[in-house]
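# Remarks on the overall topology
The lines below spell out each chain.
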Amino acid sequence: MDFTKHFIHEWTIQSIRNFFIDRNFHEVNTPTLLAKIPIEPNLYPLQTTWTHRNFNFYLPTSPESALKRLIAQGIGNCFAIAKVFRDLEDIGPTHNLEFSMLEWYQMGKTHHDIAKTTKELILNTLHSVQQKLNLPQTNVISYQGKNINLGGDWYQFTLKELFQKYAHIDLSQNLTADQIIATAKTKGYNIDGVTTWEPLYTQIFINEIESQIPKDKPFIIFDYPTQTSPLCQTCPNSPGFSQRFEFYIGGMEIGNAYTELTDSKILKANFDTETKFRKQNNLPTHPYDQEFVDACGQMPPCAGIGLGVDRLAMLFADTPNIEDILYFPTSQLIQE
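To start, this report covers the structure provided alongside it. Nothing here was measured: the structure is a model prediction, and the numbers come from that model. Each chain has its residues counted from 1, running along the sequence as written. Under the rules for a predicted model, residues below a pLDDT of 70 receive no local features and side-chain atom pairs below 80 are neither given nor counted, while totals for whole chains, interfaces and linings still include all residues. Computation of side-chain values covers all heavy atoms of the structure but excludes hydrogens and water.

## Description of the pairing of strand β3 (residues 55-58)
- Here, a strand pair is defined by DSSP locating no fewer than two bridges between the strands. Think of it this way: any DSSP run of H or I at least four residues long counts as a helix, any run of E at least two long counts as a strand, and we number them from the N terminus. The sheet contact formed by strand β2 (residues 47-50) and β3 spans four bridges and is antiparallel. Within the sheet, the bridge partner assigned to Trp50 lies in β3 and is Phe55.
- Count of turn residues in the β2/β3 antiparallel hairpin: four residues, of which Asn54 carries a positive phi of about 50 degrees.

## A word on a nonpolar patch on the surface
- Together, Met1, Phe3, Phe7, Tyr327 and Phe328 give the surface a local cluster of nonpolar side chains, amounting to about 590 Å² of exposed area.
- Looking at where Tyr327 falls in the secondary structure, it is placed in the loop between α9 (309-317) and α10 (330-335). Here the term patch refers to residues with relative accessible area over 30% and no salt bridge, with like charges joined within 9 Å and nonpolar side chains (Val, Leu, Ile, Met, Phe, Trp, Tyr) within 5 Å. Calculation of accessible area relied on Shrake-Rupley with a 1.4 Å probe; when residues are assessed, cover is drawn exclusively from the protein chains displayed. A pairing counts as a salt bridge when a side-chain nitrogen of Lys or Arg comes within 4 Å of a carboxyl oxygen of Asp or Glu.

## Side note on helix α8 (residues 290-297)
- Only protein chains enter the accessibility calculation, which uses a 1.4 Å probe; a residue is then buried when its area is under 20% of its type maximum, exposed when over 50%, and partly exposed in between. Taken together, the buried positions of α8 are Phe292, Val293, Ala295 and Cys296. An end-on view of α8 places all buried positions within 160 degrees of arc, on one side of the element.
- It only takes one pair of heavy atoms within 4.5 Å for two residues to be counted as in contact. Summarising the contacts, the buried residues of α8 are in contact with α2 (64-72) and α7 (264-280). Arc, as used here, means the arc of the directions from the helix axis to the C-beta atoms.

## Topic: the packing of helix α5 (residues 177-186) against helix α6 (residues 198-209)
- Orientation of α5 relative to α6, taken along the N-to-C sense of each, is 45 degrees, at an axis distance of 9 Å. Classed by the angle they form, the pair α5 and α6 counts as oblique. Judged by the twist between their axes, the crossing of α5 over α6 is left-handed. Judged by residue contacts, Ile180, Ile181 and Ala184 of α5 engage Leu200, Tyr201 and Ile204 from α6.
- Under the scheme applied, nonpolar residues are Ala, Val, Leu, Ile, Met, Phe, Trp, Tyr, Cys and Pro; charged residues are Asp, Glu, Lys and Arg; polar residues are all the others, including Gly. Of the residues assigned to the contact of α5 with α6, the class counts are six nonpolar, no polar and no charged. Fitted lines through C-alpha atoms give the axes, limited to the stretch in contact for helices. The angle between two N-to-C directions lies from 0 to 180 degrees. Orientation categories follow fixed angle ranges, with anything under 35 degrees roughly parallel, anything over 145 roughly antiparallel, 65 to 115 roughly perpendicular, and all other angles oblique. Left-handed describes a crossing whose near helix is turned anticlockwise from the far helix by less than a right angle; the clockwise case is right-handed.

## Section: the state of the cysteines
- Any two cysteine sulfur atoms within 2.5 Å of one another count as a disulfide. Taken as a whole and assessed by the stated rule, the structure comprises zero disulfides.
- In this structure Cys232 is a free cysteine whose sulfur lies 8.8 Å from that of Cys235, the closest cysteine sulfur available.
- Counting only cysteine sulfurs, Cys78 is the nearest neighbor of Cys302, a cysteine outside any disulfide, at a range of 8.3 Å.

## Description of the pairing of strand β11 (residues 252-259)
- Where burial is concerned, most of β11 is hidden: six out of the eight residues are buried.
- Pairing of strand β10 (residues 241-249) with β11 involves six bridges; the strand directions are antiparallel. Opposite Arg244, over in β11, you have Tyr258 as the bridge partner.
- Connecting the antiparallel pair β10 and β11 is a turn made up of two residues, with Gly250 showing a positive phi of about 60 degrees.
- Sheet topology note: the β11/strand β12 (residues 302-308) ladder contains five bridges and is antiparallel. By the bridge assignment, Thr259 is partnered in β12 with Ala303.

## Structural notes on the side chain of His111
- Structurally, His111 is set in helix α3 (residues 111-132).
- Sequence-distant contacts of His111, defined by excluding residues within four places in its chain, comprise Phe222, Asp223, Gln243, Arg244, Phe245, Tyr258, Thr259 and Ala303.

## Re the packing of aromatic side chains
- Aromatic pairing here means that ring centres of Phe, Tyr or Trp (its six-membered ring) are within 6.5 Å. Orientation follows from the plane angle: under 30 degrees is stacked, over 60 is edge-to-face, and everything else is tilted. Inspection of the entire model under this criterion finds 18 aromatic pairs.
- Look at Tyr155 and Phe219: their rings are 5.8 Å apart centre to centre, the planes differ by 45 degrees, and that puts the pair in the tilted class. Note that Tyr155 is positioned in strand β8 (residues 155-158) and Phe219 in strand β9 (residues 219-225), a separation of 64 residues in sequence.
- In this structure Tyr155 comes out as partly exposed when scored by relative accessible area, which is 23%.
- Overall, Phe219 belongs to the buried group, its relative accessible area being 1%.

## Side note on the pattern of salt bridges
- Under the defined criterion, the tally for this structure stands at nine salt bridges.
- For Glu260, the salt bridge goes to Lys68, with nearest N and O atoms at 2.6 Å. A residue pair is termed long-range when its members are at least 10 positions apart, and Glu260 in the loop between β11 and α7 and Lys68 in helix α2 qualify at 192 residues. Pair check on accessibility: Glu260 and Lys68 agree, each one buried.
- Its salt-bridge partner being Arg244, residue Glu246 comes within 2.5 Å of it at the nearest N-O pair.
- Residue Arg244 is classed as buried on the basis of its relative accessible area of 8%.
- What you see here is one network of salt bridges that share partners, running through Glu64, Lys68 and Glu260.

These results come straight from atomic positions and should not be treated as a statement about function.
In structure tokens form, the structure reads like this:
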């Protein structure tokens, strides 16, 4: 068996770890069993039961809650490379039920600073992998027949700019269910039975924006609607939007970054709103941790990001299938 693609995954993780250790970040081994978990839109945890005590645990959707507790206690710049899990999402070419996430936090920084560190990290990791493969150092990767330049300037747009450019929609005027239902109707979308904002927003984004993202270099989208970003600081000059970015390489979403919300009252209200929404729409819900909410209110100003390690390795290994870089993908387990 040729293990080269698996080794690229291994070298990607090693390089990431070295990058942050060299910059004096603290590495945290975050827990896999959680009694409670942050409640965020479209994120649903897997649940397991400790039979001996009849106690329910949740598997983490990210390392976030553990890291933020430590930040509130003064740990400073920190990172974790952890296994995370998400229910209500099927496996596919770019998603495994159990996947590796890098999450890091920088004190006194914003999501724009995180974007700069992200670029440094990815170039550093690429060069490390190239060295392991005895290849010449370059900023350009070949992914599925297309060259992608990871150096130079990355594409950067706000989400509002992209909605205007590609969908011809003023997103700032489409932040309620009634507004986006009316807009979607005029554009020919099926609105039968739709009573909430998120489904139509997501449809429009996937159909009219995500499909237009160029693939010749990384693409960053800044400033997302606040209702999709409950753990972010809001944008001071853009009501209804929060300081968040997502970035894509080769058409794949790789990471999601925030300027972190440090107001526990607002965070609690956001979690309560999501809990109410799930109950009203018969969606799975779970208890959130008030101690986590309190910890966020004690954090210094900071920013953080969650980055898909497996997808990054896919890019460096030039494979469209996440199973090619995993020794034991979920698909093998469910076929046994």
